[in-house]
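# A closer look at the structure
So the chains spell out like this:
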Amino acid sequence: MRTARELAQHLGAKLTGDGGLQVSGVAGAASAMAEDLIYVEAERYAGEAETSAASCVVVKEGIRVPGKTNLEVKDAKLAFAKAAAILLSKETKEPGIHSSAIVSAKARVAKSASIGPFAVVEEGAEIGDGSTVGAYCFIGKGARIGQQCRLHPRVTVYAGVSIGNGTEIHAGSVLGAPGFGYVYGEGVYWKFPQVGKLEIGEDVEIGANTTVDRGSLGTTRIGRGVKVDNLVQIAHNVEIGEHSVIASQTGISGSSRLGSRVVVGGQVGIADHCEIEDGAILGAQAGIPTGKKIRRGQIVWGTPARPLVKFKEQYGWFGRLPELAERVKELEKRSSGE
Amino acid sequence: MRTARELAQHLGAKLTGDGGLQVSGVAGAASAMAEDLIYVEAERYAGEAETSAASCVVVKEGIRVPGKTNLEVKDAKLAFAKAAAILLSKETKEPGIHSSAIVSAKARVAKSASIGPFAVVEEGAEIGDGSTVGAYCFIGKGARIGQQCRLHPRVTVYAGVSIGNGTEIHAGSVLGAPGFGYVYGEGVYWKFPQVGKLEIGEDVEIGANTTVDRGSLGTTRIGRGVKVDNLVQIAHNVEIGEHSVIASQTGISGSSRLGSRVVVGGQVGIADHCEIEDGAILGAQAGIPTGKKIRRGQIVWGTPARPLVKFKEQYGWFGRLPELAERVKELEKRSSGE
Amino acid sequence: MRTARELAQHLGAKLTGDGGLQVSGVAGAASAMAEDLIYVEAERYAGEAETSAASCVVVKEGIRVPGKTNLEVKDAKLAFAKAAAILLSKETKEPGIHSSAIVSAKARVAKSASIGPFAVVEEGAEIGDGSTVGAYCFIGKGARIGQQCRLHPRVTVYAGVSIGNGTEIHAGSVLGAPGFGYVYGEGVYWKFPQVGKLEIGEDVEIGANTTVDRGSLGTTRIGRGVKVDNLVQIAHNVEIGEHSVIASQTGISGSSRLGSRVVVGGQVGIADHCEIEDGAILGAQAGIPTGKKIRRGQIVWGTPARPLVKFKEQYGWFGRLPELAERVKELEKRSSGE
């Protein structure tokens, strides 16, 4: 719960209207209640906001919603997200260990942490201050969950995995499973040892049913601020730099390295030992072949991936192939007719 | 358990043979036992049926399996599925709450519902008549499970999600997790609030380890009769119309809308804000770019997707590109020779 | 714990140095401790090995790391994996049933098996000698887990599934769920019965959050020694021959058959009723259309997949399409100029 004035200060917004107004949540204009904050980032949404039950609205510079308390900012969507971050402080679970949870006497659980029903915390594991470990979460031996983390129900954390402060993991994710590495010999596949580590940084978010494997001999690393969507596969020894984002169903194969602020679309496949430099953008469903380097800031698409502009031009001609073939045929006719 | 005569009436089939025969299950001809129903949809399968241990067989019009009770119908496979629907009435779990389950005193669980071992049902949640909630299912605050639903083990239902009557959810699915939405500002990604709803209709089926996110501010909606395979990703604010089917590993990005009776193949990627109209068919691995509209009944393939017939023609020429290039080279030779 | 001499005998290696040296684990050169085994498969890694804390190193013929006990073999990586197989004998869980587990009185659990916290083992299920069933594993009615199996936490095994000796299943996998089969009639989809079996062979490994459906009327079969990565989908009635490997996020549709020693890259889509013969290799993201046969040993890529060499040549020309179109235009100019 904040006042409009407090929000204005927090956002550096210009306040017009009742600064004492109470704001307790966020919503879309149509479903908002009086205490919800809404936002208007373009003039065409102002009408809907005006008829909303909400009393307080974040607006983009130059927009004014009559009859409401207006918080005027440069980037209304960003300000709305920042306001949400303080209004929707993560649901405060009651601290303490649920009576049904099984927590090893040799685990260290902060007093202010919350351990949900049927959670298992093995020996040597640590759960930091203010962290929530949901129902059915499995925290293996020696795993380390930082402070203010939130693990939704059914997260599996294998032994020895470390997770930084403020990180949120959605239901069903599996962190630190042994990776997929084999050596073929004498007619069968021998498991290459998968005894490395997995280190997940601070303020990371990992989606539902995503899998992140531990290193084989080395370490799988996910940097600070990285955001990973649902059903993503991150293999052994992968490294992902700070503030990169990875959309759903993408797969990153063993030992590939992504720089910081890389953007990866959905269903992208990155083969092993690739290097994706800082700020590169990989379009949805793109395929990056083994060992390939994508340069800093480059935008690529297709399988195997090519620079976006070239891919689009080539794909345009792909669409005109029947016509091009027709023109060649015509030329052949003329040529033989002469 | 039904008699052959009861099945004939139910299916509108022409009965030949012993109408009093007991039928208790369904099977393939090779593994069937005497009381199993089998089916023959083409003459070439009649021999196998004749040697089957099964006593009763659904046959396509014009086919007759000697020595068996025959149920003759227009569409044998459909009739077989309809017979299975009544023969294999969903395994009736004993009603009641397993002693190990944790059910809030403020949840409403129908007397005839079955709550499995280690299930968690939070406050305000509702479980309707005749529904089965499997082992380890997590039903968050205020979630609403209709009547005659079946949740297999390990389904996670986040707070406030609603599921219609007769819907079946397979193991490991995650319903209503916060979606993947951020606003980039000041060098980091700010979570766009994901506080909307998820409404799943009646007679829906959702496969194993599938993820369906809740709306950001609005509502994610899955219409009546929709069938979703395993490992599918459905993002925030997506709407899927009635009786659409979505095959495995497909991903549907934020705010895309599918009409009714849409058919989506496996591993299809639908980017955000697309509109797939009624009855459209998207071939396996197709990619639909952001904001794209696929018209009613259209069949498309490829990435970016194109009408199937055109894509096939273009891909045919793609295969003949080396030859086409050779022909151009030949023309150039001739042309410069003049 | 083994001596260097014991390892040398096991690997058929030529020992140089202290044969009595104790070796207890495996590691990479940089993070190894004194008792860890490391390996050097190329001269350029010898320097790193020399400065490692490890005392014992497996080396490729012709390489010698000074100051260490050397085990010289033909294939250092293979020998290292084989050594790991005996050094890292699967973490021995204490035998017995955890007090929180719910095991039916009608299940048969070997004395030497370990059943973890909150596991559920239903009636008629069998757990063989030396097998580990992790926390939250659900073993349905009549399911059969062989000897020396390892099920990591949260594996769901539906009723009747059978798993061979020595098989390892990672967290979150769902084995034996009803498949995705429907018959369309009277405006709705009728579930085609999914009452078949799932048989998983010996020495199989199945990754995290992977789904393998039971047969519809027949049996889904995964052969001996098959390795399946994370987030893979294997549909009803699929058969996979011995020692095939399937990388992450691949999907195999209903009734497709893979031979033995097939290699499938990541994110491959195999439609229904395909036949992939022994030793075929499917490149990452390839798409195999319905009913397609890939011949023994063939290497294919693309969607729809083509022989790798042809695909690469065609894709090369795809990249030169704008240039080819320019050349056609030039020819047309010349031709009309005459």
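Please read all numbers here as calculations on a predicted model, not as lab measurements.

### Quick notes on the overall build of chain A
Assigned secondary structure in chain A consists of five helices and 41 strands. Compactness check: chain A gives a C-alpha radius of gyration of 26 Å against a globular reference of 20 Å for 338 residues, more than 25% above the reference. Counting across all 338 residues of chain A, residues that qualify as buried make up 58%. When contacts within chain A are restricted to residue pairs at least 6 apart in sequence, those whose partners lie at least 24 apart make up 20%.

### A closer look at the interface of chain C and chain A
Listed per partner, the contact involves 48 residues of chain C and 44 residues of chain A. Of all elements in the fold, only α3 (76–87), α4 (308–319) and α5 (321–337) of chain C reach the threshold of two or more residues within the side of chain C that touches chain A. Residues belonging to the side of chain C that touches chain A are distributed by class as follows: 24 nonpolar, 17 polar and seven charged.

### Things to note about the relation of the copies chain A and chain B
By a simple turn and slide, chain A fits onto chain B: the slide is 0.0 Å along the axis, the RMSD is 0.0 Å, and the turn is 120 degrees. With respect to symmetry, the two chain copies, as superposed, fit the operation of a three-fold axis.

### Thoughts on unusual backbone geometry
Leaving glycine aside, a negative phi is the common case for residues, and trans is the common case for peptide bonds. That bond from threonine 303 of chain B to proline 304 of chain B is cis: its omega, -10 degrees, falls within 30 degrees of zero. Note on placement: proline 304 of chain B falls in the loop between β40 (299–301) and β41 (306–307). Even without being a glycine, aspartate 203 of chain A presents a positive backbone phi close to 55 degrees. Phi at arginine 154 of chain C is positive, roughly 70 degrees, even though this residue is not glycine. Looking at the secondary structure, you find arginine 154 of chain C in the loop between β17 (150–151) and β18 (156–157).

### Side note on the environment of leucine 331 of chain A
With respect to the helices, strands and loops of the structure, leucine 331 of chain A is situated in helix α5 (residues 321–337). For leucine 331 of chain A, a count of 22 C-beta atoms within 10 Å translates into the label buried. Not counting chain neighbours up to four residues away, the residues in contact with leucine 331 of chain A comprise Leu331 of chain B together with Leu331, Glu332 and Ser335 of chain C.

### Regarding the nonpolar core
Counting 321 residues, the largest nonpolar core has Val58 of chain A, Val58 of chain B together with Val58 of chain C as the members making the most contacts within it. When sequence neighbours within four positions are dropped, the list of residues in contact with valine 58 of chain B reads Ala13, Leu37, Tyr39, Leu71, Val73, Ala76, Ala79, Phe80 and Ala83 of chain B. If you look at the next biggest cluster of nonpolar residues, it comprises 15 residues, including Phe318 and Leu331 of chain B together with Leu324 and Val328 of chain C.

### Things to note about the sheet that holds strand β20 (residues 168–169) of chain B
Residues and elements named next belong to chain B. Spatially, β8-β11-β14-β17-β20-β25-β28-β31-β34-β37-β40-β41 is the arrangement adopted by the twelve strands of the open sheet, whose pairing is mixed. The open sheet has two edge strands, β8 (96–97) and β41, and neither has a second partner. Relative to strand β37 (residues 281–282), strand β34 (residues 263–264) is paired through two bridges, and the arrangement is parallel. Within β37, the residue paired with valine 264 across the bridge is leucine 282.

### Description of helix α5 (residues 321–337) of chain B
In an α-helix, one full turn covers 3.6 residues, which means residues spaced three or four apart are oriented alike. Compared with an ideal rise of 1.5 Å per residue, which puts 17 residues at 24 Å, α5 of chain B spans 24 Å between its outermost C-alpha atoms and is within 8% of the ideal. All of the buried residues in α5 of chain B are Leu321, Leu324, Val328 and Leu331 of chain B. For α5 of chain B, the buried positions fall inside an angular range of 80 degrees around the axis, keeping them on one side. Exposed side of α5 of chain B, more than 90 degrees from the buried face: Pro322, Glu323, Glu326, Lys329, Lys333 and Gly337 of chain B are the residues found there. In this structure, the buried residues of α5 of chain B make contact with α5 of chain A, α4 (308–319) of chain B together with α4 and α5 of chain C.

### A look at the sheet that holds strand β32 (residues 251–252) of chain A
Judged by pairing direction, the sheet is parallel, and its ten strands sit side by side in the order β9-β12-β15-β18-β21-β26-β29-β32-β35-β38 (chain A) without closing on themselves. The open sheet has two edge strands, β9 (102–103) and β38 (287–288) of chain A, and neither has a second partner.

### A closer look at the interface of chain A and chain B
The interface of chain A with chain B comprises 48 residues on the first partner and 44 residues on the second. Of all the secondary-structure elements, those providing two or more residues to the side of chain A that touches chain B are α3 (76–87), α4 (308–319) and α5 of chain A. The element best represented in the side of chain A that touches chain B is α5 of chain A, accounting for seven residues. Across the side of chain A that touches chain B, the residue classes break down as 24 nonpolar, 17 polar and seven charged.

### Observations regarding α3 of chain A
All names here are of chain A. Over its twelve residues, α3 runs 16 Å from end to end, which matches the ideal 16 Å to within 8%, given 1.5 Å per residue. Burial of α3 is extensive: nine of the twelve residues sit out of reach of the surface. Burial in α3 covers these residues: Ala76, Leu78, Ala79, Phe80, Ala81, Lys82, Ala83, Ala84 and Leu87.

### Describing the pairing of strand β27 (residues 219–222) of chain C
All names here are of chain C. Residue alternation in β27 divides its side chains into a buried set, Thr220 and Ile222, and an unburied set, Thr219 and Arg221. Pairing of strand β24 (residues 197–200) with β27 involves four bridges; the strand directions are parallel. Considered in β27, the bridge of leucine 198 is made with threonine 220. Relative to strand β30 (residues 239–240), β27 runs parallel, the two being bridged by two bridges. The partner of isoleucine 222 across the bridge, within β30, is isoleucine 240.

What counts and what doesn't
- All residue numbers refer to position in the chain's written sequence, counted from 1.
- Naming scheme: in the order in which they are written, chains are lettered from A and ligands are numbered from 1.
- Where local features are concerned, this predicted model is filtered to residues with pLDDT of at least 70; where side-chain atom pairs are given and counted, the filter is 80 or more; whole-chain, interface and lining totals use all residues.
- A helix here means a DSSP run of H or I that spans at least four residues, while a strand means a run of E at least two residues long, and both kinds are numbered starting from the N terminus.
- Here the globule rule is a power law, 2.2 Å times the number of residues to the power 0.38, and the radius of gyration is based on C-alpha atoms.
- Residue burial here comes from a neighbour count, namely the number of other C-beta atoms, placed from the backbone, that lie within 10 Å of the residue's own C-beta, with 20 or more meaning buried, 12 or fewer meaning exposed, and in between meaning partly exposed.
- We call two residues in contact if the C-beta atoms placed from their backbones are at most 7 Å apart.
- Following the grouping adopted for this structure description, the nonpolar residues are Ala, Val, Leu, Ile, Met, Phe, Trp, Tyr, Cys and Pro, the charged ones are Asp, Glu, Lys and Arg, and the polar ones are all others, Gly among them.
- We superpose the copies by least squares over the C-alpha atoms of residues that have a pLDDT of at least 70 in both of them.
- Think of a nonpolar core as buried Ala, Val, Leu, Ile, Met, Phe, Trp, Tyr and Cys residues chained together by C-beta atoms that fall within 7 Å.
- Note: two strands are recorded as paired if DSSP finds a minimum of 2 bridges between them.
- By this rule the span expected of a helix is its residue count minus one, scaled by 1.5 Å.
- Arc definition: directions from the helix axis to the C-beta atoms.

Note that all results are geometric; they support no functional claim without further evidence.
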